Amino acid sequence: YSTIILSKGFKEGVIAGMMVYVRGYQAVCIIEEVYNATSRCRLLTASGVTTEGVTSSSSIAIPLVGRGGHYLANVARDTPISVGEKVYLRSNPKMVLGTVKQVLDNNQDTSWHIFVEGAYNPVTTSIFYVQP
């Protein structure tokens with residue numbers, strides 16, 4: 001998955017750059033193109049899209065790279081991140097991006113690999129909100 005089409009556009013006040021989220025303040029996508037009655041939104045989990053996240057235990061920016069429904073990140077070794085921890089959008093720490101599902105910490109490597117599962121499923125979600 002990389003984009004979704006929303007049934008709201010210029011007529012409803014949607015503009016490019018707006019953040020779209022679902023219930024629970026879970027960040028989904030950013031509006032890229034707006035038409036009269038529809039808009040196209042690029043998913044934050046789309047393959048290759050980089051989004052900066054942060055956890056509650058660390059104020060260090062985590063560069064999350066979308067991989068189609070989840071994120072992967074490389075962080076400096078010994079960064080305080082644990083499995084089960086929520087990851088938030090760095091630019092708006094109230095918005096949830098996902099949950100840390102795995103931390104691969106190889107002591108021979110200078111960085112750790114983090115697997116973050118996205119907080120929502122765009123296929124089963126039908127109500128979206130737009131943040132001005």
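Scroll up to find the structure.
What comes next concerns the included structure. The written sequence of each chain sets the order in which its residues are numbered from 1. Local features are withheld for residues below a pLDDT of 70 in this predicted model, meaning they are given only at 70 or higher, and side-chain atom pairs are given and counted only at 80 or more; totals for whole chains, interfaces and linings count all residues. Remark: hydrogens and water are excluded; side-chain values derive from all non-hydrogen atoms of the structure.

Turning next to the overall build of the chain. Each helix and strand in the chain was counted, giving zero helices and 11 strands. For the purposes of this entry, the term helix denotes a DSSP run of H or I that reaches at least four residues, the term strand denotes a run of E that reaches at least two, and both are numbered from the N terminus. Scanning the chain from its N terminus toward the C terminus, one meets helices and strands in the order β-β-β-β-β-β-β-β-β-β-β. For the radius of gyration, the atom set is restricted to C-alpha positions; the globular benchmark scales as 2.2 Å times the number of residues to the power 0.38. Against the 2.2 N^0.38 benchmark of 14 Å for 132 residues, the chain shows a C-alpha radius of gyration of 16 Å, consistent with a compact globule. Dimensions of the chain along its principal axes, counting C-alpha atoms only, are 55 × 25 × 25 Å. Three exposure classes are used, based on accessible area relative to the maximum for each residue type with a 1.4 Å probe and protein chains only: buried under 20%, partly exposed in between, and exposed over 50%. By the burial criterion, 39% of the 132 residues in the chain qualify as buried. Partitioning the intrachain contacts of the chain with sequence separation of at least 6 by distance along the chain shows that 51% fall at a separation of at least 24. Should any heavy atoms of two residues lie within 4.5 Å, those residues are considered in contact.

A few words now on the environment of I114. Summarising the element assignment, I114 is placed in strand β10 (residues 111–118). Judged by relative accessible area, which is 3%, I114 ranks as buried. Those residues within four positions of I114 in sequence are excluded, and the remaining contacts are Y71, L72, A73, V75, I81, V100, Q102 and V103.

For side chains bearing opposite charge, pairing can occur when the charged atoms are close. Whenever Lys or Arg places a side-chain nitrogen within 4 Å of a carboxyl oxygen from Asp or Glu, that contact is recorded as a salt bridge. Taken as a whole, this structure holds five salt bridges when the rule is applied. Ionic pairing is found between E32 and R40, a salt bridge with its closest N-O pair at 2.9 Å. Ionic pairing is found between E33 and R40, a salt bridge with its closest N-O pair at 2.8 Å. Through salt bridges with shared partners, a single network forms among E32, E33, R40 and R42.

Turning to the state of the cysteines, a few remarks are in order. In plain terms, two cysteine sulfur atoms within 2.5 Å form what is called a disulfide here. Applying the stated criterion to the full structure yields one disulfide. Bridging C29 to C41, the disulfide has an S-S length of 1.9 Å. Between C29 and C41, the disulfide has an S-S torsion of 105 degrees and is therefore right-handed. With a gap of 12 residues between them, C29 in strand β3 (residues 26–34) and C41 in strand β4 (residues 39–43) connect regions that are remote in the sequence. The two residues C29 and C41 agree in class, both being buried.

Note on pairing: two strands pair once DSSP finds at least 2 bridges between them. Bridge analysis of strand β6 (residues 58–66) against strand β7 (residues 70–76) gives two bridges, and the strand direction is antiparallel. When the bridges of β7 are listed, G66 appears paired with Y71. Linking β6 to β7, which pair antiparallel, is a turn of three residues; within it G68 sits at a positive phi near 75 degrees. Here β7 runs beside β10; their pairing, made up of seven bridges, is antiparallel.

Before going further, it helps to spend a moment on the packing of aromatic side chains. Paired rings are identified among Phe, Tyr and Trp, the last through its six-membered ring, by centres lying within 6.5 Å, and are further divided according to the angle between planes into stacked (under 30 degrees), edge-to-face (over 60) and tilted (the rest). Counting across every chain of the model gives two aromatic pairs. Plain terms: the ring middles of Y21 and Y25 are 4.8 Å apart, the flat faces sit at 75 degrees to each other, and that makes the pair edge-to-face. Under the relative-accessibility criterion, Y25 is labelled partly exposed at 25%.

In this section: unusual backbone geometry. The backbone of Y25 shows a phi angle near 60 degrees, a positive value even though the residue is not glycine. Mapping Y25 onto the fold places it in the loop between β2 (19–22) and β3. Residues other than glycine seldom take positive phi values, yet D78 does so here, at roughly 70 degrees. With respect to the helices and strands, D78 occurs in the loop between β7 and β8 (86–89). On the accessibility criterion, D78 (58% relative accessible area) is exposed.

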